[in-house]
Amino acid sequence: MPNVNIQTAVKRITEPKVGENGYTGFHPGKVEVFKAGSQPAGADVKPLTSDIQLEHDVQVIARDGARLYMDVYRPVEWQEKVPAILSWSPYGKKYSALDMLPMTIWHSCVKRSDLSGLEKFEGLDPATWCPKGYAIISVDARGAGNNDGHIGVLGSQEAEDGYDVVEAVAKLPWCNGRVGMAGNSYLAISQWFIAAQQPPSLKAIAPWEGLSDLYREQFWQVALRPQRFVDMLMLKFCSRGGAFSMDNFDLITKEILRGHSGSGVEDFAEMYRRSPTINSFWKDKRVDFTKIKCPTYIRGSDVSGLHNMGSIRAWLEIPHDQKWIQWGSYQEWFELYSVPESEHYLTAFFDRYLRNADNGWEEKTPKVRWDVLQFGDRKPIQDIVLKDYPVPDTEYRQLFLSENGKFSSSTPDNTQTLSYNSETKESFVEFTYTFPEASRLLGLPKTILYMSCDAQDDFVVYVLLRKKDKDGNNLMHLNFPIEASPIKSMAEIDQKSTHSVNTHMGQLGILRASQRAIDPARSIHPQFPFHPHDKQEKVTPGTVVKLEIGIWAMGVDYDPGESLSFSISGKKQTAAEFTAWSAPRPDHEMNHGLHKVYLGGEYPSSLIIPYIGKP
């Protein structure tokens, strides 16, 4: 049974409408065949190379009697039974990447000819996988489309539904009894939860870019283009570090999620109002990785502002050795749909575990592969094979905040106080470290800060690591190969075209001062403290408190003379966010007044960086 013992608030959603978000109507029992050479989604998309049969709205009855529906794409000419790969989300069974990506800047550099339009957004394309002898199944989550119930975003209810669907699919007459799951973002996160239920027929998962804790991490974010929604909209729900933000999760509710007349989606803003600290609702949104037993092919990246630490935690906590992690350097949709090596490795992985192919996957595939960012116009260094992660023998260098915005190797003797206006992102304090020799930072950074606020009894701190060139200019990383983008140099990107989809500034850390408590026994690493977030310990105005803030995983190379920038502020310094679709947060949650940073003497504020040697 679901692990939530309190009533969940639900926000109503709109009913599906034919012609919107790929919806074609409700057609149980309908079967159609797309012929080889056809292009069902238009003349400029990828043509089919074999006949594909689509069974619309195939029903599965969940254990509580709820009716769930899925679209089944499978090869027509395959004589033997085939394995199935599930794509699971509440976005709509036929909501494709062709529907979504045009709303993102530069279409996320994914060409229409890379897609058939049969793919569920963020899932595998039947046009690619059916000719290989796989069935691709697009599942609507509970409450979405024509399914019974309401949308419970991840957690144990959706996981139990996933278990039931996996086992139902495995028993279908055309299936060989072996089921996998694949996809990005929501389609990755759902894999964690479903695999932790240990359905016997789930033989392998490939969660590419999936967070693992909706309270401590972030839900999702998308930078959208003006054609449909205005200039830039960031879609995500977030309570990272105890700092809650809807950031237009309401937009995704209004524009993408669809369900029957009595359906709705969990109302996160209301649930946070009821309990801003961890309760059974929020606990249910955290994956227990120790329960995942099937082979797992993980992908993550520095450039994801939401999935980064979910992938790291999965690698560290999944308790078996049939796991692989590959750390990329490009945006997740581009890597899934437009990088040929992605298809190659996924095919080898699923052939091994869904077909029992003796293809040498275990012997040929390194357990840990990493991309390291260079920033600016320099391409990332890709596919570095590591012994493990974090890298054995990493030197965690402690840099102490010092005077004149510099770092020192020991804490200064004299105490100094710096401050910034917490109500504007233009105000921050910054420290820089210039590398005397070529250096590679790869792993988990952390900061220890001593801070106070005179204006209120709680405050939120944002820290950001950025790279500077030899002249002290901030650099950005392009989240696509430059040859796939419409630009020739990063110098062409202005503020208007700086979105989270196409650029990466650096790694972020967030913490609410009242939720600073740490449980070392639950920390995945000394460099990434676990905050229980189960109570608030208010801070008497003017009182100095110690804040230990984990910063998300990084992999960056520095040349001699290049610098690491470390900034502290009361607002996020990353790409601007548009909040027109969400109500403002209550005033008591917002930062006010000056934040003071103490360094030197009895306040050894520092930054600890993961140095692994020269590149």
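Up top is the structure.
Structural notes, computed from the coordinates. Source: prediction; values computed, not measured.

Examining the overall build of the chain
A count of helical and extended segments in the chain gives twelve helices and 28 strands. The C-alpha radius of gyration of the chain comes to 24 Å, within 12% of the 25 Å expected for a compact globule of 615 residues. If one aligns the C-alpha atoms of the chain with their principal axes, the spans along those axes are about 75 × 50 × 45 Å. Sorting the 615 residues of the chain into buried and exposed places 64% on the buried side. For the chain, the proportion of contacts with a sequence separation of at least 24, taken over those separated by at least 6, is 77%. Summed over its atoms, the accessible surface of the chain is roughly 22,300 Å², and 49% of this surface lies on carbon and sulfur atoms. Computing the positive centroid from 67 side-chain charges and the negative centroid from 77, the chain places the two 2 Å apart.

A closer look at the nonpolar core
The biggest cluster of nonpolar side chains holds 122 residues, and the ones touching the most others in it are Trp 192 and Phe 350. The element that contributes the greatest number of residues to this core is helix H4 (residues 186-195), accounting for seven residues. Core analysis: the second largest hydrophobic core is formed by 37 residues, Leu 373, Phe 375, Tyr 558 and Phe 566 among them.

Structural notes on the sheet that holds strand S20 (residues 460-468)
On the basis of which strands lie adjacent, the open sheet formed by four strands has the order S17-S26-S20-S23 and antiparallel pairing. Looking at the sheet topology across the chains shown, the edges are occupied by strand S17 (428-434) and strand S23 (506-512). Across this sheet, the average inter-strand angle for adjacent strands is 15°, counted without regard to direction.

So, helix H3 (residues 156-170)
For H3, with 15 residues, the first-to-last C-alpha span of 21 Å sits near the 21 Å given by 1.5 Å per residue. With twelve of its 15 residues buried, H3 lies for the most part within the structure. Ser 156, Glu 158, Ala 159, Glu 160, Asp 161, Gly 162, Asp 164, Val 165, Val 166, Glu 167, Val 169 and Ala 170 are the residues of H3 that are buried.

As for helix H9 (residues 308-317)
Counted residue by residue, H9 has eight buried out of ten residues, so it is predominantly covered. For H9, the set of buried residues is Asn 308, Met 309, Gly 310, Ser 311, Ile 312, Arg 313, Ala 314 and Trp 315.

With respect to the packing of aromatic side chains
Inspection of every chain in the model, using the stated rule, returns 32 aromatic pairs. Measuring from ring centre to ring centre gives 4.9 Å for Phe 26 and Tyr 69, while their planes differ by 85°; the resulting arrangement is edge-to-face. One end of the pair, Phe 26, is in the loop between strand S1 (10-12) and strand S2 (31-34); the other, Tyr 69, is in strand S4 (residues 67-75), and 43 residues separate them in sequence. What makes Phe 26 partly exposed here is its relative accessible area of 34%. A ring pair is formed by Trp 370 and Tyr 389, whose centres lie 4.4 Å apart and whose planes are at 5°; its orientation type is stacked. Linking Trp 370 in strand S12 (residues 368-372) with Tyr 389 in the loop between strand S13 (381-385) and strand S14 (395-401), this pair joins segments that are 19 residues apart in sequence. One exposure class covers both Trp 370 and Tyr 389, and it is buried. Clustering of aromatic rings is evident, with ring pairs tying together Trp 129, Tyr 134, Trp 208, Tyr 297, Trp 324, Phe 349, Phe 350, Tyr 353 and Trp 361. In this structure, Lys 132 packs its charged tip against the face of Trp 129, placed 5.7 Å from the ring centre. If you follow Arg 369 out to its NZ or CZ, it ends over the ring of Tyr 345, 4.2 Å from the centre.

Quick word on the sheet that holds S13
Spatially, S2-S3-S4-S6-S5-S7-S8-S10-S11-S12-S13 is the arrangement adopted by the eleven strands of the open sheet, whose pairing is mixed. Pairing within the sheet leaves two strands with one partner each, and these edge strands are S2 and S13. For this sheet, the mean angle separating the axes of adjacent strands, direction not counted, is 20°. Taken together, the four bridges between strand S5 (residues 82-89) and strand S7 (residues 175-184) define a ladder with parallel strand orientation. Bridging from a neighbouring strand, Leu 86 pairs with Met 181 of S7. Contacts from H4 reach S5, S7, strand S8 (202-208) and strand S10 (296-301), with the element oriented near 130° to S7.

Parameters and conventions
Residues numbered from 1 in each chain as written. Predicted model: local features only at pLDDT ≥ 70, side-chain atom pairs only at ≥ 80, totals over all residues. Heavy atoms only, no water. Helix = DSSP H or I, 4+ residues; strand = E, 2+ residues; numbered from the N terminus. Rg over C-alpha atoms; globule rule 2.2 N^0.38 Å. Buried < 20%, exposed > 50% of the residue type's maximum accessible area, 1.4 Å probe, protein only. Contact = heavy atoms within 4.5 Å. Areas by Shrake-Rupley, 256 points an atom, 1.4 Å probe, with all protein chains shown as cover. Lys, Arg positive; Asp, Glu negative; His and termini not counted. Charge placed at Lys NZ, Arg CZ, Asp CG, Glu CD. Core = buried A, V, L, I, M, F, W, Y, C linked by side-chain atoms within 4.5 Å. Pairing = 2+ DSSP bridges. Axes fitted to C-alpha atoms, helices over the stretch in contact; angles between N-to-C directions. Expected span 1.5 Å × (residues − 1). Phe/Tyr/Trp six-rings, centres within 6.5 Å; stacked < 30°, edge-to-face > 60°. Lys NZ or Arg CZ within 6 Å of the ring centre and 35° of its normal.

So, to be careful, I would describe these as geometric facts and stop short of saying anything about function.
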